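Each chain is listed here by its residues.
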Amino acid sequence: MENIHILMAGLTAIILFVFGLQNFSQEIEHIAGERFRRIIGKLTRKPVAGVLIGALVTAIIQSSSATSVITISLVNAGVLSFKNSVGIVFGTNIGTTITAQLVAFKLTSFAPIIIISGFVLSLLHSRLAVFGKAIFYFGFVFFTLNLISSSLQPLQNNPWLVEVLSNPQNPLLALLIGCLFTALVQSSSVTTGLAIIFTQQGILGLENAVPLIMGANVGTTVTALIAMISADAAAKKTAFSHLMFNFGGVLIFLPILLLFGHRLSIVSVEPAKFLATLHLVFNVVTTILFLIFINPFTRMVDALLGEGKMDFQRLSLPTYSESDEFDHIKMELGEQANGLLKFLQENYSQVALSLETNYRGIYESSGKRIEYIDFFKKEYLSYFAKVVSSIQDEHQSRELMHIINRYDYLFQIHDSIKDIYNTKKMLSAHYLEPKSDILLIIREISSGILQMFDVIGKSMESQDEMDIHGFSEALQLDINQGNRTLLKLLADPLRKDVGALTNFITYSQRLKDKLVNYAKGLPVAR
């Protein structure tokens, strides 16, 4: 009965540890925001820089899984190439060793001070208050490690458990346990932290602890593999390379472990510090070896998964240089606006098709395109803030304001398309499918909107005058007729699909008005 109480207390402490890690990681990502992702995207052109960034980011957010998922999302968004992402993946394993180092060298004793500091900071009416929660959870993580240690300390008195864990077992079995446990809790930090604590207490022998933390390296790739399910080919290769890297590192060191693992019991250094140092050396050496052979490694991944392209072509992201002339900036922005309108037309076509059909692939593809434009929008807003510094006179100022207004309309068009996508999202969440009469309304309205996109696009290419009003009036008649039909159908309590589709009419009206306003502001000869 006593052992059950000990295990329950230990399990509770472990759950709190996992909770602390997850919240600490989320707080750091929240503080860093898009700037965090942008920095990663810009500083990884060289694999060595990628390794350093991967190690630093993972050490800060205390989660190699989170860093890998962020990297995969950046590849999926077109910000990172597959080859540039590999360095970050290599660096995550080095960054994750910080937990083992802090526990082994007993630096977790400062946890109460860190918790109190974070709590006090969060109460201040200051900009620094935003760091309060992150500091609090950082201290909470290491406080729970101390809690785990004290909760499980009575197990030292259990002779059967000490004998099983301290006597050498099959290294392959320990590898498998480390892999499965890490996959379950989705954090190698949890596995290595527990291994260090058990080693400190003399419950776990080094012969079993070393393969356990090696297995944790493989188990931590599960999160990345899950994240790659709906990703593009390049992002899939990033997740796969994470698995190959971690699994390859284990294979490299496995023969050494099988041949000399039984001699770990004669190590004279304090076991916990030795294990933490070995964990660091294992990951650093593996990273260096793979970094040396990074080109053959990426070619091998390409050969296994194919060269594969992204499922849709990404738009060019803006880059500002102080040496750029305003006329050059103006020309590029004009060309990119044309490309953005075409992209938005494709987005709308996908969203409308997802409403008309029940193909999950089209719906998921629409969602990815919508998310990409959300990212793209933030990049451009940041870019415009920098371009303002290049303005030299009032004429350039007016021209820039016209360009910014043009992009503002394009992003408003995107917002309406996103609203329509959310209508489909709501239908899917409630397992509703529009009936044929509703589908006819969707088809007529979406056909009219796509015609308006075509007319505006052709006018932008030819710089000729266009008659948008005729298309606008015809579309308005379709929207009005669709609205009247839906109002009649709303009286039928069995038609649950009708209520959801009233939003479609509202958002279509807004989209049509925004297209008209955008067309009016185009710099065409009139």
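To be clear, the structure that these remarks concern was listed above.
About the cut-offs
- Residues numbered from 1 in each chain as written.
- Predicted model: local features only at pLDDT ≥ 70, side-chain atom pairs only at ≥ 80, totals over all residues.
- Heavy atoms only, no water.
- Helix = DSSP H or I, 4+ residues; strand = E, 2+ residues; numbered from the N terminus.
- Buried < 20%, exposed > 50% of the residue type's maximum accessible area, 1.4 Å probe, protein only.
- Salt bridge = Lys/Arg side-chain N within 4 Å of Asp/Glu carboxyl O.
- Axes fitted to C-alpha atoms, helices over the stretch in contact; angles between N-to-C directions.
- Parallel < 35°, antiparallel > 145°, perpendicular 65-115°, else oblique.
- Left-handed = near helix turned anticlockwise from the far one by under 90°.
- Contact = heavy atoms within 4.5 Å.
- Nonpolar A, V, L, I, M, F, W, Y, C, P; charged D, E, K, R; others polar.
- Expected span 1.5 Å × (residues − 1).
- Arc of directions from axis to C-beta.
- Polar contact = N/O pair within 3.5 Å; in protein donor to acceptor, adjacent residues only side chain to side chain.
- Core = buried A, V, L, I, M, F, W, Y, C linked by side-chain atoms within 4.5 Å.
- Patch = residues over 30% accessible without salt bridge, like charges linked within 9 Å, V, L, I, M, F, W, Y side chains within 5 Å.
- Areas by Shrake-Rupley, 256 points an atom, 1.4 Å probe, with all protein chains shown as cover.
- Phe/Tyr/Trp six-rings, centres within 6.5 Å; stacked < 30°, edge-to-face > 60°.

Undergrad: How should the environment of Leu-289 be read in this particular structure?
TA: Considering the arrangement of structural elements, one finds Leu-289 in helix α14 (residues 271–292). A relative accessible area of 32% places Leu-289 in the partly exposed class. Along the primary structure Leu-289 and Gly-249 are separated by 40 residues, whereas in three dimensions their C-alpha atoms are 8.9 Å apart.

Undergrad: I'm lost on the pattern of salt bridges in this one. Help?
TA: Oppositely charged side chains are able to pair whenever their charged atoms sit close together. Considering all chains together, one arrives at 9 salt bridges under this definition. One salt bridge connects Lys-330 with Glu-399, and the closest N-O pair in it is separated by 2.5 Å. Taken together, the residues Lys-330 in helix α16 (residues 326–356) and Glu-399 in helix α18 (residues 394–429) connect sequence positions 69 residues apart. Under the relative-accessibility criterion, Lys-330 is labelled partly exposed at 34%. Note on Glu-399: relative accessible area 19%, which makes it buried. Among the salt bridges present, the one from Asp-415 reaches Lys-377, with a minimum N-O distance of 3.6 Å. Highlighted residues: Asp-415 in helix α18 and Lys-377 in helix α17 (residues 360–387), separated in sequence by 38 residues. Among the residues examined, Asp-415 registers a relative accessible area of 27% and is labelled partly exposed. According to the relative accessible area criterion, Lys-377 is partly exposed, its value standing at 24%.

Undergrad: I'm lost on the packing of helix α20 (residues 468–489) against helix α21 (residues 496–520) in this one. Help?
TA: A pair of packed helices can be characterised by two numbers: the angle between their axes and the separation between those axes. Taken N-terminus to C-terminus, the directions of α20 and α21 make an angle of 165°; their axes are 10 Å apart at the nearest point. Between α20 and α21, the interaxial angle falls into the category roughly antiparallel. α21 is crossed by α20, and the crossing has left-handed handedness. Only Val-498, Leu-501, Thr-502, Ile-505, Ser-508, Gln-509, Lys-512, Val-516, Ala-519 and Lys-520 of α21 make contact with α20, whose side of the interface consists of Ile-468, His-469, Ser-472, Leu-475, Gln-476, Ile-479, Gly-482, Asn-483, Leu-486 and Leu-489. Looking at the contact of α20 with α21 residue by residue, the classes come out as 10 nonpolar, 8 polar and 2 charged.

Undergrad: I'm lost on the packing of helix α4 (residues 82–95) against α14 in this one. Help?
TA: It is the contact of α4 with α14, at a shortest axis distance of 8 Å, that shows an interaxial angle of 165°. For the element pair α4 / α14, the angle class is roughly antiparallel. Crossing handedness for the pair α4 and α14: left-handed. On the side of α4, the interface is formed by Phe-90, Asn-93 and Ile-94, while α14 contributes Asn-283, Val-284, Thr-287, Phe-290 and Leu-291. Tallied by class, residues from the contact of α4 with α14 come to 5 nonpolar, 3 polar and no charged.

Undergrad: It is not clear to me how α14 should be interpreted in this structure. Could you clarify?
TA: Given 3.6 residues per helical turn, the α-helix brings residues three or four places apart onto the same face. Taking 1.5 Å per residue, 22 residues should reach 32 Å; α14 reaches 31 Å between its end C-alpha atoms and fits that length. What α14 keeps buried is the set Ala-272, Leu-275, Ala-276, His-279, Phe-282, Asn-283, Thr-286, Thr-287 and Phe-290. The buried residues of α14 occupy one face: seen down the axis, they fall within an arc of 120°.

Undergrad: What should I look at first to understand the side chain of His-414 in this one?
TA: Looking at the secondary structure, you find His-414 in helix α18. Within the structure, the side chain of His-414 is placed 2.8 Å from the side chain of Asp-374, a separation counted as a polar contact. When residues no more than four places from it in sequence are discounted, the contact partners of His-414 are Leu-344, Ile-370, Ile-373 and Asp-374.

Undergrad: Teacher, can you tell me more about the nonpolar core here?
TA: Across soluble globular proteins, nonpolar side chains have a tendency to be buried as a group. Leu-340, Tyr-407, Leu-410, Ile-413, Ile-417 and Phe-453 are the most contacted members of the largest nonpolar core, which has 60 residues in total. At the level of secondary structure, the elements contributing two or more residues to this core comprise α16, α17, α18, α19 (436–462), α20 and α21. The element contributing the most residues to this core is α16, with 12 residues. Apart from the residues within four sequence positions on either side, Leu-410 is in contact with Ala-337, Leu-340, Leu-341, Leu-344 and Tyr-518. Within the second largest apolar cluster, 24 residues are counted, among which are Leu-175, Ala-195, Ala-209 and Val-218.

Undergrad: Any chance you could explain a nonpolar patch on the surface here in plain terms?
TA: A cluster of nonpolar side chains, namely Ile-116, Phe-119, Val-120, Leu-123 and Leu-124, defines an oily patch on the protein surface of about 490 Å² accessible area. Take Leu-123: it is sitting in helix α6 (residues 111–123).

Undergrad: Help me understand the environment of Ser-447, please; the structure alone is not making it clear to me.
TA: Positionally, Ser-447 belongs in helix α19. The exposure class assigned to Ser-447 is partly exposed, which follows from its relative accessible area of 38%. Sequence spacing of Ser-447 and Ser-349 is 98 residues, and the spatial spacing of their C-alpha atoms is 9.0 Å.

Undergrad: What's the story with the side chain of Asn-246 in this structure? I'm lost.
TA: By secondary structure assignment, the location of Asn-246 is in helix α13 (residues 233–260). There is a polar contact of 2.4 Å between the side chain of Asn-246 and the backbone oxygen of Asn-217. The contact partners of Asn-246, leaving out residues within four places of it in the chain, are Asn-93, Asn-217, Val-218, Thr-220 and Thr-221.

Undergrad: Hey, could you run me through the packing of aromatic side chains in this one?
TA: Note on aromatic pairs: each is described by the distance of the centres and the angle between the planes. Applying the stated criterion to the full structure yields 21 aromatic pairs. These aromatic residues form a ring-pair network of at least three members: Phe-343, Tyr-372, Phe-375, Phe-376, Tyr-380, Tyr-383, Phe-384, Tyr-407 and Phe-411.

It is worth stressing that arrangement in space is one thing and function is another; only the former is reported here.
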